[in-house]
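Below, each chain spelled out in residue letters.
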Amino acid sequence: MLAFSAGVFYLWFMFLRRGGPVSSLGLLGPDTRETVAVLFLGVILVLNWALQTSETPFPFTLAETQFLFAAPMTRRQVLLFKIFRSQMALVISAVVTVFLFRRGAWSFVTLLHAVGLWLGYAVLNLNGAGMGLLRLSLAQHGVSGVRRRTGTLIVFALLAGALWWVGRQDIPVVTGAFNTGWRAGFTALSQVLHSGAGAILSWPLRAVVDPFLATTPLEFLSALPAALLVFGVHVWWVVGSSIAFEEAATDHAQRTAKRIAALRAGRGWTEPRSSRAKPLTSAALNPAGSAAGAIAWKNRLGIKREFTMRSLVLVGVATAVGVMSLRGPRTSSSELLGAFLLFGAGMVTLLGPLALRFDLRRDLEMLEVLKTYPVRGRTVVLGEVGALLLVLSLAAGALTTAAFLVTITNDSLPALADRLAILVSALAGIPAVIAVFLLVQNTSVLLFPAWVTVGPQRAVGLEATGQRLLLTIGSLLALVFALIPAALLFGAVMWLSGDVVGGPWSVALGAVAGAATVGGECWVAVQMLGGVFDRMDPSSAGIASS
Amino acid sequence: MLQVRGLTRLYDQLVAVEDLSFSVAPGEVLGLVGPNGAGKTTTLRSLCGVIQPTRGTVEIGGVDLGRDPVRAKGQIAFMPDEPHLFDYLTVEEHLRFTARLYKATGAEARIPALLTELELSEKASALPTELSRGMRQKLVIACGLIHDPKALVFDEPLTGLDPAGIRRMKQTIVDRARQGAAVLLSSHLLHLVEEICTRVLILQRGRMVAIGTIPEILAGRPDLQGKSLEDIFLALTGSA
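Residues numbered from 1 in each chain as written. Chains lettered and ligands numbered in written order. Predicted model: local features only at pLDDT ≥ 70, side-chain atom pairs only at ≥ 80, totals over all residues.

Caption draft 1: Region of interest: the nonpolar core. Counting 149 residues, the largest nonpolar core has B:A142, B:I146, B:V153 and B:V183 as the members making the most contacts within it. Every residue in contact with B:V183, bar those within four places of it in the chain, is listed here: B:V29, B:L30, B:L152, B:I173, B:R176 and B:A177. If you look at the next biggest cluster of nonpolar residues, it comprises 43 residues, including A:A94, A:V98, A:F220 and A:F245. (Core = buried A, V, L, I, M, F, W, Y, C linked by C-beta atoms within 7 Å. Buried ≥ 20, exposed ≤ 12 C-beta atoms within 10 Å, placed from the backbone. Contact = placed C-beta atoms within 7 Å.)

Quick look at the structure:
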């Protein structure tokens, strides 16, 4: 109930509150709103094309695959049925979204917005289905698949070429305008989208977003035909494909059914791999060695096999956006690259322990198995936390070192010796911060297993959002408390060594001392959590299988 | 080898197992039978250290499970009815991982032999999601056998196996007992229990209602002479 209340509060704060983050979008002018919407839709489409891996055009249920695929229906009829059926969910999504954005205030125009948004959702949905069929065709037929899809591929090649040409011409102008202010930037961007080749390229996107952005019924009606045309072209593209998608759809349906069965059996939301996917090979585990090392090896393999290129691209894009928004007008390329690497190191350090869950957050669903092993609880905890600590520390450390190396000849930055001292400080501090974050997360799952989603996937919904909110606040408080002794020692060592080794190196010495203190705290925490694990009873933890 | 004294397990006010005492000697196969909810799985989980008994002690190879769980667990293997496996480890990696945790000596040589014995050689590099239910069950059993345990605990070991697999599994269990392991086998398949178990323990509502060889049990119930284990079970548990 507490978590649900927190979730409701979060929903109100973000969406329904006057002056909240979402409601402030309404302050934008009509041209800027259209530009933002077109960019948003374009980014979603590009991300769908680049990162979507599903080969099935629509997610069929197991029952649908068993009845529809065996029924005397053509492939085209099955697709039309699925397109028709999926519209109901899209309409509900559109209505709910508009309700949230309008803070529950309804009018005739609001209803038209819901229709406009449904058209947008439907086009996105059909575009994803069309791309799924294209991928499937290429995967099924190889080179001949390329020949079969020549028309579609030519359209995409032309689009890419036109985008490159427009970008080459206009990006410097738009970037220059943004440097003078965001209003000027959006005005320049709007001009690009409404003139020359940019207007032709952006027309389908504008056609889709315009009904949603219409402020009067007349505007809506005048924008509707173009949106319906884009929708119709997508339906024709998807339904006109004669690709055998049944096997891929059945495979997808079976995996989904397994996930649901696992969830109902209390084993969390497992993510079974496609039966066609082959595991990446890895160095074999030596049968002799420590148990903690074996558990860490197991988790490291899991990270390696389930960390997808999509995750890497998303981290890269987020990092690039962050760096570009912070850069100054005279930033050199080496400084930009260094900032990119440092930003990445920061994201790995601060977000990595929350995003990657290959520790007890994942393995507690196997508690019954873990409890049978002849291993003490503290060894289990050490191994579970160790793998992520090692992987994240190495990644963040490597990025930080790379940032140091790419700016090593840059004279405009502080002296090289000082930067070296800062690097040493960072390399000492990174594992300490990651360790505290990981232990806080693992403490949460051991002490409140019913409050943390156990298994590979995060839970969704208001209650889960509230739980995460409360746990994040708790984690930050724990982090502050854990860092107090380290901060005290850091300050003492820095003060004492300040006269001997000088400013930056005294910071480095302080950082090493602080990191050692955190290390000691973590060792104590591992012993204590090991005791909790030893006493943990799968029957009463709320995560036991039947 | 396996000694249980006064084992009691409560779930709040519910008595799952009450004052259960028995032992399994090396080379013996003890069949644990009982109707649904009799406390069989709770007993097995208590023996393997998954849950802690409310009262009573469990000794494995003379080592008290409560006092020295690491050494005691190192001598036992638990094969549950539902095969829980790590989705991201292949068949061979499961065996290597388990071997390391149990400090199994000679694991490098034992892994190919076990894979052959349980017909998993062709699936050595497959992930659990690529295996059938029966193969997953075999992998769990292979993991249980990798450290050559002195005591083996099976919970419905034949679930999901094909006829050939069932025959081989029964042979594997009998072979391990002949090699000196103490085997505790829980199953609803009474013909299996009758075929391979040397003694039978019948549980009813958490309490032991009978233990011994079938002739020993019949000695206490002359009215059941000449009946099958199924008839004896139904009569003793009042399920008839």
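Caption draft 2: Looking closely at the domain arrangement of chain B. All names here are of chain B. Along its sequence, chain B is carved into domain 1 (2-75 + 151-237) and domain 2 (84-148). Relative to domain 2, the C-alpha centre of domain 1 lies at a distance of 25 Å. Here the side of domain 1 that touches domain 2 is built from residues that sort into three nonpolar, five polar and one charged. (Domains from an automatic or database assignment. Nonpolar A, V, L, I, M, F, W, Y, C, P; charged D, E, K, R; others polar.)

Caption draft 3: Expanded view of the sheet that holds strand β4 (residues 55-60) of chain B. Residue and element names in this part refer to chain B. The sheet built from four strands is open, its strands ordered β2-β1-β4-β5 with antiparallel pairing. A strand with exactly one partner marks an edge of an open sheet, and here the two such strands are β2 (14-24) and β5 (63-64). As paired elements, β4 and β5 share two bridges and run antiparallel to each other. In the strand pairing of β5, E59 is matched with D64. Contacts from helix α1 (residues 40-47) reach β1 (2-11), β2 and β4 within the one sheet, and its direction differs from that of β1 by about 120 degrees. (Pairing = 2+ DSSP bridges. Helix = DSSP H or I, 4+ residues; strand = E, 2+ residues; numbered from the N terminus. Axes fitted to C-alpha atoms, helices over the stretch in contact; angles between N-to-C directions.)

Caption draft 4: How the structure looks around the interface of chain A and chain B. Taken residue by residue, the interface counts 29 residues in chain A and 31 residues in chain B. For the side of chain A that touches chain B, the secondary-structure elements that each account for two or more residues are α11 (291-306) and α15 (367-372) of chain A. Here the side of chain A that touches chain B gets seven residues from one element, more than from any other, and that element is α11(A). Here the residues of the side of chain A that touches chain B are counted per class, giving 14 nonpolar, seven polar and eight charged.

Caption draft 5: Broad picture of the environment of B:L85. All names here are of chain B. As for its placement among the helices and strands, L85 is situated in the loop between β6 (76-79) and α3 (91-101). Owing to 18 C-beta atoms within 10 Å, L85 belongs among the partly exposed residues under this scheme. Taking C-alpha positions, L85 is 9.4 Å from T129, a pair spaced 44 residues apart along the chain. Leaving out residues up to four positions away in the same chain, L85 has contacts with H94, P128, R136 and L139.

Caption draft 6: How the structure looks around the sheet that holds strand β8 (residues 182-186) of chain B. Residues and elements named next belong to chain B. Spatially, the six strands line up as an open sheet ordered β6-β7-β8-β3-β9-β10, and their pairing is mixed. Taken across any chain shown, the strands that pair with only one partner, and hence form the sheet edges, are β6 and β10 (207-212). Adjacent strand axes in the sheet meet at a mean angle of 15 degrees when their direction is disregarded. Where strand β7 (residues 151-155) lies against β8, five bridges are found, and the strand directions are parallel. Considered in β8, the bridge of A151 is made with A182. Strands in contact with α1 are β3 (29-33), β6, β7, β8 and β9 (199-204); relative to β7, the strand with the most contacts, it is inclined by about 150 degrees. Each of β3, β7 and β8 is contacted by helix α6 (residues 163-178), which is oriented at about 150 degrees to β8, the strand it contacts most.

Caption draft 7: Structural context of unusual backbone geometry. Residues and elements named next belong to chain B. Even without glycine at this site, D12 takes up a positive phi of about 55 degrees. For D12, the location among the structural elements is in the loop between β1 and β2. Positive phi values are uncommon outside glycine, yet E156 reaches one of about 45 degrees. Note on placement: E156 falls in the loop between β7 and α6.

Caption draft 8: How the structure looks around the pairing of β8(B). Residues and elements named next belong to chain B. Summarising burial for β8: five of the five residues are buried, a large majority. Burial of β8 is two-sided: the residues A182, L184 and S186 facing one way and the residues V183 and L185 facing the other way are all buried. In this fold, the crossover linking β7 to β8 by way of α6 has right-handed handedness. (Right-handed = clockwise from strand over helix to strand, strands pointing away.)

Caption draft 9: Local environment of the environment of B:L14. Mapped onto the secondary structure, B:L14 falls in strand β2. In the structure, B:L14 is positioned 134 residues away from B:D148 in sequence and 36 Å away in space, judged by C-alpha atoms.

Caption draft 10: Looking closely at the packing of helix α16 (residues 377-406) of chain A against helix α17 (residues 416-447) of chain A. Residues and elements named next belong to chain A. With their axes 9 Å apart at the nearest point, α16 and α17 run at an angle of 150 degrees to one another. Of the possible angle classes, the one that applies to α16 and α17 is roughly antiparallel. Where α16 crosses over α17, the handedness of that crossing is right-handed. Listed contacts from α17 to V381, E384, V385, L388, L389, L392, S393, A396, G397, T400, T401 and F404 of α16 are R419, L423, A426, L427, I430, P431, I434, A435, L438, L439 and N442. Taken together, the residues that form the contact of α16 with α17 break down as 16 nonpolar, five polar and two charged. (Parallel < 35°, antiparallel > 145°, perpendicular 65-115°, else oblique. Left-handed = near helix turned anticlockwise from the far one by under 90°.)

Caption draft 11: Molecular detail of the environment of A:W297. On the secondary structure map, A:W297 appears in helix α11. Measuring from C-alpha to C-alpha, the distance between A:W297 and A:E64 comes to 41 Å, with 233 residues separating the pair along the chain.

Caption draft 12: Geometry of the pairing of β10(B). Residue and element names in this part refer to chain B. Where β9 lies against β10, five bridges are found, and the strand directions are antiparallel. Paired with I202 across the strands is A210, a residue of β10. Counted between consecutive antiparallel strands, the loop separating β9 from β10 contains two residues, among which R205 sits at a positive phi close to 50 degrees.

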